[in-house]
Amino acid sequence: MKTIPQPSRALFGLLCLAAPAAAASAGGELPTTGARVSLSAQDEQGAEAIEEADRGWLAGWAGSIEFGLTGASGNNENFNLRGAASASREDDRTADQINLVYTYSNDEGDKTENRFQVDGRHDWKFSDSPWRVYVGATYEYDEFQDWDHRLSVGPGVGYQAVETEKTSLLLRAGLNATREFGGSDNRWHPEADLGLDLTHLLTERQSLEAVFDLYPSLDPIGPYRFVGKAGWKIDVDPEVNLFLRLGVEDRYDSSPGPDKKRNDIGYYATLGWSF
């Protein structure tokens, strides 16, 4: 292997030092520096993409857990429990939400309520448009209805009627296939679903929430049911994400079954934690 003589090596080193200076004095740019900056930016973007991919489907979710408990012992014996959990995420293209609620009541040793519900919805948004499409599903268990289990699933269309810093109003219209199990009518029935989701920020620590769904039967036409919920959420301690929720819920069925009431109205106060 040939070696560069000592004088030639010195001249070569001077040329290496002088070339960048000459290029700079001539108004030129050093491509190697730009390449290093470009590679650095690409590396950062690649690292962010890898981190996002590692988190996968769980990325972007926020949720809460809440409980409410009341009771009495002595002249009156009663016990009431309400537990709820929810999770949601939203970006420019999609929105997801899942909600779970369990309620139990016991009065003078007799069980008066034992109910569980889980519902979920996935929305696909259109860029720069208030319109969206979605698919949703709801499962209910209720020991004190004419049925034991009820399942509803179907698609729909949503319209973001209001979207400001304080107020959000989403209008929905869809079609559901609904079936009750363990009751007097265990067939699938088509239903319409006309609903809305409303949130309004009163202050930095207080907000109002409302959800309403009307389900008119399409086979046969005439019977209907609706579910309406409204709540007042107060952030008790924002540093630890602790909140208080006061709410009311009304579940109405125009054909509840033999010896069943049409309205089921519940009031609740729960203490929760957001994460």
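As the structure is a computational prediction, the values presented were derived from the model and not from experiment.

(A) Seen up close, the overall build of the protein chain. When you go through the protein chain residue by residue, the secondary structure sums to 2 helices and 12 strands. Shown N-terminal to C-terminal, the secondary structure of the protein chain runs as helices and strands in the order α-α-β-β-β-β-β-β-β-β-β-β-β-β. With 275 residues in all, the protein chain has 28% of them scored as buried. Across the protein chain, every contact between residues at least 6 apart in sequence was considered, and the portion connecting residues at least 24 apart equals 45%. Summed over all atoms, the accessible surface of the protein chain reaches about 17700 Å², with 60% contributed by carbon and sulfur.

(B) Looking closely at the pattern of salt bridges. Taken as a whole and assessed by the stated rule, the structure comprises 20 salt bridges. Residue arginine 225 is joined to glutamate 191 by a salt bridge in which the shortest nitrogen-to-oxygen separation is 3.1 Å. Pair noted here: arginine 225 is in strand S10 (residues 221-237) and glutamate 191 is in strand S8 (residues 188-203), with a separation of 34 residues, a long-range link. As far as the burial class goes, arginine 225 and glutamate 191 line up, both buried.

(C) Structural view of the environment of glutamate 90. Structurally, the position occupied by glutamate 90 is in strand S2 (residues 78-90). In this structure, the C-alpha to C-alpha distance between glutamate 90 and aspartate 123, residues 33 residues apart in sequence, is 9.1 Å. What glutamate 90 contacts, discounting residues up to four positions off in sequence, is Ala95, Lys125 and Arg132.

(D) Representation of the sheet that holds strand S3 (residues 94-107) within the structure. Read once around its circumference, the closed barrel built from 12 strands follows the order S1-S2-S3-S4-S5-S6-S7-S8-S9-S10-S11-S12, with strand pairing classed as antiparallel. Across the sheet, the axes of successive neighbouring strands diverge by a mean angle of 20°, strand direction being ignored. As defined by bridge partners, strand S4 (residues 110-125) adjoins strand S5 (residues 131-142) across 11 bridges and the pair is classed as antiparallel. Note that in S5 the partner of arginine 121 across the bridge is glycine 136.

(E) Representation of empty space enclosed by the protein within the structure. Going through the model one piece at a time under the given rule, you end up with 1 cavity of 30 Å³ or more. Size it by volume and the largest cavity reaches roughly 140 Å³. Along the walls of the largest cavity sit 16 residues, with Gln145, Arg150, Arg251, Tyr252 and Asp253 positioned nearest its centre. Breaking the lining of the largest cavity down by element, the ones donating at least two residues are S5, S10 and strand S11 (242-253). Split into classes, the residues belonging to the lining of the largest cavity amount to 5 nonpolar, 1 polar and 10 charged.

(F) Broad picture of a negative patch on the surface. Taken together, the side chains of Glu77, Asp107, Glu108 and Asp110 define an acidic patch exposed on the protein surface. Inspection of the secondary structure puts aspartate 107 in strand S3.

(G) Summary view of the confidence of the model for the protein chain. Looking at the protein chain as a whole, its pLDDT mean stands at 85, while 79% of the residues score no less than 70. Across residues 1-39 the pLDDT falls below 50, and counting only partners more than four positions away or on other chains, this stretch makes 4 contacts in the model.

(H) Summary view of the environment of alanine 95. Mapping alanine 95 onto the fold places it in strand S3. Taking the C-alpha atoms as reference points, alanine 95 and histidine 122, separated by 27 residues in sequence, lie 5.9 Å from one another. Each residue touching alanine 95, except ones within four places of it in the same chain, is listed here: Arg89, Glu90, Arg121, His122, Asp123, Lys125 and Arg132.

(I) Here's a closer look at the packing of aromatic side chains. Summed over all chains, the structure comprises 7 aromatic pairs. Between phenylalanine 116 and tyrosine 139 the ring centres are 6.4 Å apart and the planes differ by 55°, which places this aromatic pair in the tilted class. You can see phenylalanine 116 sitting in strand S4 and its partner tyrosine 139 sitting in strand S5, a full 23 residues away along the chain. Its relative accessible area of 26% is what places phenylalanine 116 among the partly exposed residues. The exposure class assigned to tyrosine 139 is partly exposed, which follows from its relative accessible area of 27%. Following the ring pairs from residue to residue traces out a cluster consisting of Phe212, Tyr224, Phe226 and Tyr252. Just above the ring of tyrosine 134 sits the side chain of arginine 121; from NZ or CZ to the centre is 5.4 Å.

Reading guide: rules and limits
- Residues numbered from 1 in each chain as written.
- Predicted model: local features only at pLDDT ≥ 70, side-chain atom pairs only at ≥ 80, totals over all residues.
- Heavy atoms only, no water.
- Helix = DSSP H or I, 4+ residues; strand = E, 2+ residues; numbered from the N terminus.
- Buried < 20%, exposed > 50% of the residue type's maximum accessible area, 1.4 Å probe, protein only.
- Contact = heavy atoms within 4.5 Å.
- Areas by Shrake-Rupley, 256 points an atom, 1.4 Å probe, with all protein chains shown as cover.
- Salt bridge = Lys/Arg side-chain N within 4 Å of Asp/Glu carboxyl O.
- Pairing = 2+ DSSP bridges.
- Axes fitted to C-alpha atoms, helices over the stretch in contact; angles between N-to-C directions.
- 1 Å grid on protein atoms, 1.4 Å probe; cavity = no way out; pocket = protein on both sides within 12 Å on 5 of 7 lines; lining within 4 Å.
- Points joined across faces, edges and corners; volume = space filled by probe spheres on them.
- Nonpolar A, V, L, I, M, F, W, Y, C, P; charged D, E, K, R; others polar.
- Patch = residues over 30% accessible without salt bridge, like charges linked within 9 Å, V, L, I, M, F, W, Y side chains within 5 Å.
- Lys, Arg positive; Asp, Glu negative; His and termini not counted.
- Charge placed at Lys NZ, Arg CZ, Asp CG, Glu CD.
- pLDDT = per-residue confidence, 0-100.
- Phe/Tyr/Trp six-rings, centres within 6.5 Å; stacked < 30°, edge-to-face > 60°.
- Lys NZ or Arg CZ within 6 Å of the ring centre and 35° of its normal.

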